[in-house]
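A look at the structure
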Amino acid sequence: MNAIRALRLSAVGAALPLLPQPQAQAQVTQIDVQMASSAIMNAGKRATKVASLKKVPSVGVIRLDFRVAPTFRSDLPDPAEYRILASRNAKGVAKLQQALRSNPVTREVLARRGISPSQVAGVQVSSNGSLRLYIFSR
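Residues numbered from 1 in each chain as written. Predicted model: local features only at pLDDT ≥ 70, side-chain atom pairs only at ≥ 80, totals over all residues. Heavy atoms only, no water.

**Some thoughts on the nonpolar core**
- Among the nonpolar cores identified, the biggest contains 32 residues, and Ile 40, Leu 64, Leu 96, Val 120 and Leu 133 are the most heavily contacted of them.
- Counting residues per element, the ones that place at least two in this core are α2 (32-41), α3 (43-51), β2 (59-63), α4 (79-88), α5 (90-102), α6 (104-112), β3 (120-125) and β4 (131-135).
- Once residues lying within four places of it in the same chain are set aside, the contact partners of Val 120 are Val 93, Leu 96, Gln 97, Leu 100, Leu 110, Ile 115, Leu 133, Tyr 134 and Ile 135. (Core = buried A, V, L, I, M, F, W, Y, C linked by side-chain atoms within 4.5 Å. Buried < 20%, exposed > 50% of the residue type's maximum accessible area, 1.4 Å probe, protein only. Helix = DSSP H or I, 4+ residues; strand = E, 2+ residues; numbered from the N terminus. Contact = heavy atoms within 4.5 Å.)

In structure tokens, the structure reads:
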């Protein structure tokens, strides 16, 4: 009986890499607060970098409107605060979103992860072209 169970488990384990894997997304942590705010406030400036990218070797995604559990005593901004910041910087955010739509490389990277450019509020661009996207769920 144990041999049959082991055989079944090994068959399931072998099939797991064939199943579609969900794309990992993280929530904002204390470390990301300043970076997220900066990415939103500088969205218009970073649009120029995004427009010139020829390759994107990796992408990290940080959700701005996701909380695992309510936090009553936290230094983390409320998700609504990020929406307010994005609306105050709407012109730059719109410029960034347009750059993401216009560049075929970034458009393909976002599509592969199921992210619409309209979800993106900010971005960090590393020296090798890797992106860290700060997004809203919708």
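**Re the pairing of β2**
- The element β2 is extensively covered by neighbouring structure, given that four of its five residues are classed as buried.
- For β2 and β4, the ladder comprises five bridges, and the chain directions are parallel. Counted as the bridge partner of Arg 63 is Ile 135 from β4. (Pairing = 2+ DSSP bridges.)

**Overview of the side chain of Arg 63**
- Relative to the elements of secondary structure, Arg 63 occurs in strand β2.
- In this structure Arg 63 comes out as buried when scored by relative accessible area, which is 19%.
- In this structure the side chain of Arg 63 is engaged in a polar contact, spanning 3.3 Å, whose partner is the side chain of Asp 65. (Polar contact = N/O pair within 3.5 Å; in protein donor to acceptor, adjacent residues only side chain to side chain.)

**Topic: the environment of Ile 62**
- Within the secondary structure, Ile 62 is located in strand β2.
- Placed 74 residues apart in sequence, Ile 62 and Phe 136 show a C-alpha to C-alpha distance of 8.7 Å.

**What about the packing of aromatic side chains?**
- This structure, assessed with the given rule, holds zero aromatic pairs.
- The ring centre of Phe 136 lies 4.1 Å from the NZ or CZ of Arg 83, which sits over that ring. (Phe/Tyr/Trp six-rings, centres within 6.5 Å; stacked < 30°, edge-to-face > 60°. Lys NZ or Arg CZ within 6 Å of the ring centre and 35° of its normal.)

**Quick look at the pattern of salt bridges**
- Throughout the structure, instances matching the rule amount to three salt bridges.
- As a salt-bridge pair, Asp 65 and Arg 63 come within 3.3 Å of each other at their nearest N and O atoms.
- Here Arg 112 makes a salt bridge to Glu 108, at a shortest N to O gap of 2.6 Å. One end of the pair, Arg 112, and the other, Glu 108, are both in helix α6, four residues apart, so they sit about a helical turn from each other.
- Accessibility expressed as a relative area gives 41% for Glu 108, which makes it partly exposed. (Salt bridge = Lys/Arg side-chain N within 4 Å of Asp/Glu carboxyl O.)

**A short note on the confidence of the model for the protein chain**
- With 70% of its residues at a pLDDT of 70 or more, the protein chain shows a mean pLDDT of 81.
- Low pLDDT, under 50, characterises residues 11-24; the predicted model gives this stretch four contacts beyond four residues in sequence or across chains. (pLDDT = per-residue confidence, 0-100.)

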